[in-house]
Amino acid sequence: MKFQLLGLLVGLSILSTHVNAMSFWLVNDDMTCNNDHVLIEDSYGDYVLAEWYSGRISEGREVFSDNSIRSYGFKYIKDSNGNEMRIYVDDYDMSTGDAQEWCYGS
């Protein structure tokens, strides 16, 4: 009984790490975009334009952040495997055209 309760508590604590986190999609990483730029799609279908600073997450992955990335400044994002990336959000609520220009240039 004690082991079942312990297992339940551990399982709930693991789930709670993503319950409070916001979910996004890393569309293009700094290897695809020019100049260490990354593109992140938010839950509204808009794009967050950011610069890569450290860490590595492969593009096409769902990422999480404890803080909203719909604001300017430094943020940390993580994927479900625990990989972490530090980014600087330059702009948000951007269109597909803005995102393509940010990533690939004009």
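Quick summary incoming for the structure in this document.

Conventions adopted
- Residues numbered from 1 in each chain as written.
- Predicted model: local features only at pLDDT ≥ 70, side-chain atom pairs only at ≥ 80, totals over all residues.
- Heavy atoms only, no water.
- Core = buried A, V, L, I, M, F, W, Y, C linked by side-chain atoms within 4.5 Å.
- Buried < 20%, exposed > 50% of the residue type's maximum accessible area, 1.4 Å probe, protein only.
- Helix = DSSP H or I, 4+ residues; strand = E, 2+ residues; numbered from the N terminus.
- Contact = heavy atoms within 4.5 Å.
- Lys, Arg positive; Asp, Glu negative; His and termini not counted.
- Salt bridge = Lys/Arg side-chain N within 4 Å of Asp/Glu carboxyl O.
- Polar contact = N/O pair within 3.5 Å; in protein donor to acceptor, adjacent residues only side chain to side chain.

Observations regarding the nonpolar core
Judged by nonpolar contacts, the single largest core of 13 residues is most densely connected at Leu26, Ile40, Ile69, Ile77, Met85 and Ile87. Taken together, the elements giving at least two residues each to this core come down to strand E1 (22–28), strand E2 (37–41), strand E3 (47–55) and strand E6 (84–94). The dominant element in this core, judged by the number of residues it contributes, is E6, at three residues. Excluding residues within four positions of it along the chain, methionine 85 makes contact with Leu26, Val38, Trp52, Ser54, Gly55, Arg56, Ile57, Lys75, Tyr76 and Ile77. Of all hydrophobic cores here, the second largest spans eight residues; its members include Leu39, Met94, Ala99 and Cys103.

Details of the side chain of lysine 75
The topology assignment puts lysine 75 in strand E5 (residues 73–79). With no salt bridge to any partner, buried lysine 75 finds its closest opposite charge in aspartate 66, at an N-O distance of 12 Å. From its side chain, lysine 75 meets the backbone oxygen of serine 68 in a polar contact 3.4 Å long. Within the structure, lysine 75 has its side chain in polar contact with the side chain of serine 71 (distance 2.8 Å). Those residues in contact with lysine 75 that lie beyond four places of it in its chain are Ser68, Ile69, Met85, Arg86, Ile87 and Val89.

Regarding the pattern of salt bridges
Counting across every chain of the model gives five salt bridges. Put simply, arginine 61 and aspartate 79 hold a salt bridge, and the shortest N to O gap is 3.4 Å. A residue pair is termed long-range when its members are at least 10 positions apart, and arginine 61 in the loop between E3 and strand E4 (62–65) and aspartate 79 in strand E5 qualify at 18 residues. The exposure class assigned to arginine 61 is partly exposed, which follows from its relative accessible area of 25%. We classify aspartate 79 as buried; its relative accessible area is 3%. Across the pair lysine 78 and glutamate 84 runs a salt bridge, and its minimum N-O distance is 3.8 Å. By relative accessible area, glutamate 84 is classed as partly exposed at 35%. The network of salt bridges with common partners includes Asp42, Arg70 and Asp93.

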